[in-house]
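As a plain string of letters, each chain reads:
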Amino acid sequence: MTITRRGFLSASASAAFAAMPVLRAIAAPLPREADIVVIGAGAAGIAAARRIMAMGRKVVVVEAASQIGGRCITDSTTFDTPFDRGARWMHNPDTNPMIRLARSVGLDVLPVPSGQKMRIGRRNARAGEIEQFLAALVRANRAIDEAARGKVDTSCASVLPKDLGDWAGAAEFMLGASFAGKDLKELSAIDKGRAQDRNAAIACRQGLGTLITRLAEQTPVALSTPASRIAWSSRDVSVETQAGKIAARAAIITVSTNVLTSGAIRFAPDIPKRTLDAASKLTLGSYDRIVLQLPGNPLGLSRDDILIEQSNSTRTALMFANIGGSSLCSIDVGGSFGRDLSEQGEKAMVAFAKEWITKLFGREAASAVQKASTTRWNASPYVMGAMSASSPGGQLSRKTLSEPIGNMFLAGEATHETLWGTVDGAWESGERAADAALRKIGALKPEPADMPTQSTKKRRAPRQ
């Protein structure tokens with residue numbers, strides 16, 4: 001029985017690039033001055049830089065990693081087919097500027113196929129069982145939404161109906177580990193309830209990492225150039241790297257909350273404790289992929305099928321099968337189980353994926369694995385996790401994190417109150433931070449006092 005995207009996902013939560021602008025790639029000297037310096041060349045950083053350049057102001061982007069993309073990385077070398085190691089989908093096609101931009105640079109965007117399946121042991125769930133699961137998912141989601149309207153924030157786990165029965169494990173996985181990279185006991189009900197619906201998934205055939213790289217083509221990016229120290233005031237900033245120091249009138253910082261709190265970048269003076277406390281309540285969840293090459297489609301699944309299981313523990317996963325019509329199947333793990341598994345290394349991750357396939361499809365299917373590759377985002381020193389997810393009581397921290405600090409402005413998915421955890425939210429936050437920085441240096445008119453901000457805009461109604 002196939003679960004429709006409307007029933008399944010809405011219920012659950014409602015590459016080559018131009019060398020010239022990449023400064024380190026051609027060993028060009030790092031600029032010593034800029035109007036605005038951007039820390040990080042992920043979606044938020046590139047969105048900010050493009051906005052600044054569109055206003056005719058000088059910008060330079062410094063990126064610690066050796067490639068553009070941040071948490072949007074397309075792997076085009078491990079297998080014959082490219083696949084996204086990080087974010088794989090965009091959302092909200094009616095309002096998302098990235099979709100129009102993707103088409104403008106010649107990339108293909110298309111709706112994600114709507115096939116979803118559930119396994120109960122070694123068989124597909126029957127129609128009646130699917131209905132029972134969807135009903136449990138809707139009840140669980142409704143309970144979280146109701147709790148989100150309360151005055152006191154609590155964990156999502158504490159408000160779940162107690163009679164979900166055999167569907168409790170799958171419902172908790174879909175709403176927690178699969179959605180936010182954290183178990184529901186670690187997740188704020190208000191943050192989850194305020195998250196904008198993400199049921200209209202849009203894919204880029206060439207990969208989201210490829211898209212971010214293409215959109216950065218005309219942007220001056222210095223790769224392998226981590227910022228080590230930022231001196232700041234209400235007048236200017238100075239960013240120190242091993243390649244030199246950049247003086248600027250403002251800075252936009254797009255590093256993850258885990259990197260921000262790690263002390264990897266020193267600030268002079270220290271950034272406010274209020275900001276660090278906010279970031280500490282928005283730590284990154286864990287979400288990784290174990291990508292298997294399975295020639296001949298031994299699982300008998302369709303192109304881009306999504307499959308979960310009726311589980312009774314956190315030791316479970318989500319499969320994205322036959323990616324783009326290829327022989328690649330991604331086994332996605334998240335939450336506390338995914339974090340523990342990732343810490344054990346690639347060998348243990350691949351062993352689990354084969355064990356999981358064996359449990360659902362038999363030993364012959366698992367023996368067909370030809371090649372494997374894993375992601376380990378928690379171990380990435382320039383990211384340290386997957387997506388931000390608020391701990392109970394921490395939802396207001398997103399607004400705090402978006403407040404200016406002198407002439408510094410924070411951006412990234414963690415600063416978006418409704419699209420956190422998405423590349424869409426990261427992009428929008430980068431544009432928002434760029435506008436704030438441009439206003440600060442006098443390149444844009446001040447924003448009218450009565451203009452609605454993200455925190456005052458109403459959440460978009462769910463798609464019907």
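Refer to the preceding data block for the structure.
### A closer look at the overall build of the chain
Consideration 1: A tally of regular secondary structure across the chain gives 14 helices and 19 strands.
Consideration 2: At 22 Å, the chain has a C-alpha radius of gyration in line with the 23 Å of a compact globule built from 464 residues.
Consideration 3: For the chain, the spread of C-alpha atoms along the principal axes amounts to about 65 × 50 × 40 Å.
Consideration 4: Counting over 464 residues, the chain shows a buried share of 58%.
Consideration 5: When the accessible surface of the chain is summed, it comes to about 19,000 Å², and 50% of that surface belongs to carbon and sulfur atoms.

### Thoughts on the packing of aromatic side chains
Each aromatic ring pair is characterised by the separation of its centres together with the angle its planes make.
Consideration 1: In total, this model carries five aromatic pairs according to the counting rule given.
Consideration 2: Ring plane angle 85° and centroid distance 5.5 Å describe the contact between W89 and F320, whose orientation is recorded as edge-to-face. With W89 in the loop between strand 4 (83-84) and helix 3 (97-104) and F320 in strand 16 (residues 318-321), the pair connects residues that are 231 residues apart, well separated along the chain. Considered together, W89 and F320 belong to a single accessibility category, that of buried residues.
Consideration 3: Between the aromatic rings of F133 and W167, the centroid separation amounts to 6.0 Å while the plane-to-plane angle is 50°, which identifies the pairing as tilted. On the criterion of sequence distance, the pair formed by F133 in helix 4 (residues 127-148) and W167 in the loop between helix 4 and helix 5 (168-180) is long-range, its members being 34 residues apart.

### As for the packing of helix 10 (residues 335-344) against helix 11 (residues 346-361)
Consideration 1: The geometry of helix 10 relative to helix 11 is characterised by a closest axis approach of 5 Å and an angle of 125° between their N-to-C directions. The angle between helix 10 and helix 11 places the two elements in the oblique class. Residue-level inspection shows F337, L341, S342 and Q344 of helix 10 in contact with helix 11, the latter providing A348, M349 and F352.
Consideration 2: In terms of residue class, the contact of helix 10 with helix 11 is made up of five nonpolar, two polar and no charged.

### Considering unusual backbone geometry
Consideration 1: With an omega dihedral of 0°, the bond running from A268 to P269 counts as a cis peptide bond.
Consideration 2: Its place among the elements puts P269 in the loop between strand 13 (266-268) and helix 9 (273-280).
Consideration 3: Of note, the phi angle at S224 is positive, near 50°, even though the residue is not glycine.
Consideration 4: Structurally, the position occupied by S224 is in the loop between strand 9 (221-222) and strand 10 (227-232).
Consideration 5: Phi is positive for N297, close to 50°, though the residue is something other than glycine.
Consideration 6: Structurally, the position occupied by N297 is in the loop between strand 14 (287-293) and strand 15 (305-309).

### A closer look at the environment of A216
Consideration 1: Inspection of the secondary structure assignment puts A216 in the loop between helix 7 (208-215) and strand 9.
Consideration 2: When near neighbours in sequence (up to four residues on either side) are disregarded, A216 contacts I46 and I68.

### Focus: the sheet that holds strand 7 (residues 123-124)
Consideration 1: Pairing is mixed in the open sheet, where seven strands are placed in the order 7-6-15-16-17-14-18. If you trace the sheet from one side to the other, it starts and ends with strand 7 and strand 18 (371-374), each paired once.
Consideration 2: Direction of pairing for strand 6 (residues 116-120) relative to strand 15: parallel, over a ladder of four bridges. Note on strand 15: the bridge partner recorded for M118 is I308.

### So, helix 9
Working note: α-helix, 3.6 residues per turn, so residues spaced by three or four point in the same direction.
Consideration 1: When we look at burial in helix 9, the residues that qualify are T275, A278 and A279. Projected down its long axis, helix 9 shows its buried positions confined to an angular sector of 95°, all on one face.
Consideration 2: Next to the buried residues of helix 9 lie helix 8 (257-262), helix 13 (397-401) and strand 19 (408-410).

### Quick look at the nonpolar core
Consideration 1: In this structure, I46, M90, L211, I212, I252 and W427 are the most contacted members of the largest nonpolar core, which totals 43 residues.
Consideration 2: Sequence-distant contacts of I212, that is, excluding residues within four places in its chain, are made with A41, G42, A43, I46, I68, G69, C72, M98, V423 and W427.
Consideration 3: Within the second largest apolar cluster, 42 residues are counted, among which are F79, F83, C156 and L318.

### Brief notes about the side chain of K182
Consideration 1: Following the sequence through the fold, K182 ends up in the loop between helix 5 and helix 6 (189-194).
Consideration 2: Notably, K182 is buried but unbridged: the nearest opposite-charge side chain belongs to E186, and the N-O separation is 5.5 Å.
Consideration 3: At 2.8 Å, the side chain of K182 and the side chain of T283 are in polar contact.
Consideration 4: Leaving out residues up to four positions away in the same chain, K182 has contacts with G176, A177, T283, L284, G285, G335 and A389.

### Description of the pairing of strand 11 (residues 237-241)
Consideration 1: Among the five residues that make up strand 11, four are buried, leaving the element largely enclosed by the rest of the structure.
Consideration 2: Between strand 10 and strand 11, which pair antiparallel in sequence order, lie four residues.
Consideration 3: Here five bridges tie strand 11 to strand 12 (residues 244-253), and the two strands are oriented antiparallel to one another. Along strand 12, the bridge assignment pairs V239 with I246.

### Some details on helix 2 (residues 43-54)
Consideration 1: Along its twelve residues, helix 2 runs 16 Å from first to last C-alpha, staying within 8% of the 16 Å computed at 1.5 Å per residue.
Consideration 2: All of the buried residues in helix 2 are A43, A44, G45, I46, A47, A48, A49 and I52.
Consideration 3: In the core, the buried residues of helix 2 are packed alongside strand 1 (33-39), strand 2 (59-62), helix 7, strand 9, strand 12 and helix 14 (423-440).
Consideration 4: G56 occupies a position one or two residues after helix 2 and carries a positive phi of about 75°.

### Let's talk about the packing of helix 4 against helix 5
Consideration 1: The geometry of helix 4 relative to helix 5 is characterised by a closest axis approach of 9 Å and an angle of 50° between their N-to-C directions. The angle between helix 4 and helix 5 places the two elements in the oblique class. Here the hand of the crossing between helix 4 and helix 5 comes out right-handed. The segment helix 4 lies against helix 5, with F133, L137, A140, N141 and I144 engaging A170, A171, M174 and L175.
Consideration 2: Of the residues contributing to the contact of helix 4 with helix 5, the split by class is eight nonpolar, one polar and no charged.

Cut-offs used in this document
Residues numbered from 1 in each chain as written. Predicted model: local features only at pLDDT ≥ 70, side-chain atom pairs only at ≥ 80, totals over all residues. Heavy atoms only, no water. Helix = DSSP H or I, 4+ residues; strand = E, 2+ residues; numbered from the N terminus. Rg over C-alpha atoms; globule rule 2.2 N^0.38 Å. Buried < 20%, exposed > 50% of the residue type's maximum accessible area, 1.4 Å probe, protein only. Areas by Shrake-Rupley, 256 points an atom, 1.4 Å probe, with all protein chains shown as cover. Phe/Tyr/Trp six-rings, centres within 6.5 Å; stacked < 30°, edge-to-face > 60°. Axes fitted to C-alpha atoms, helices over the stretch in contact; angles between N-to-C directions. Parallel < 35°, antiparallel > 145°, perpendicular 65-115°, else oblique. Contact = heavy atoms within 4.5 Å. Nonpolar A, V, L, I, M, F, W, Y, C, P; charged D, E, K, R; others polar. Pairing = 2+ DSSP bridges. Arc of directions from axis to C-beta. Core = buried A, V, L, I, M, F, W, Y, C linked by side-chain atoms within 4.5 Å. Lys, Arg positive; Asp, Glu negative; His and termini not counted. Salt bridge = Lys/Arg side-chain N within 4 Å of Asp/Glu carboxyl O. Polar contact = N/O pair within 3.5 Å; in protein donor to acceptor, adjacent residues only side chain to side chain. Expected span 1.5 Å × (residues − 1). Left-handed = near helix turned anticlockwise from the far one by under 90°.

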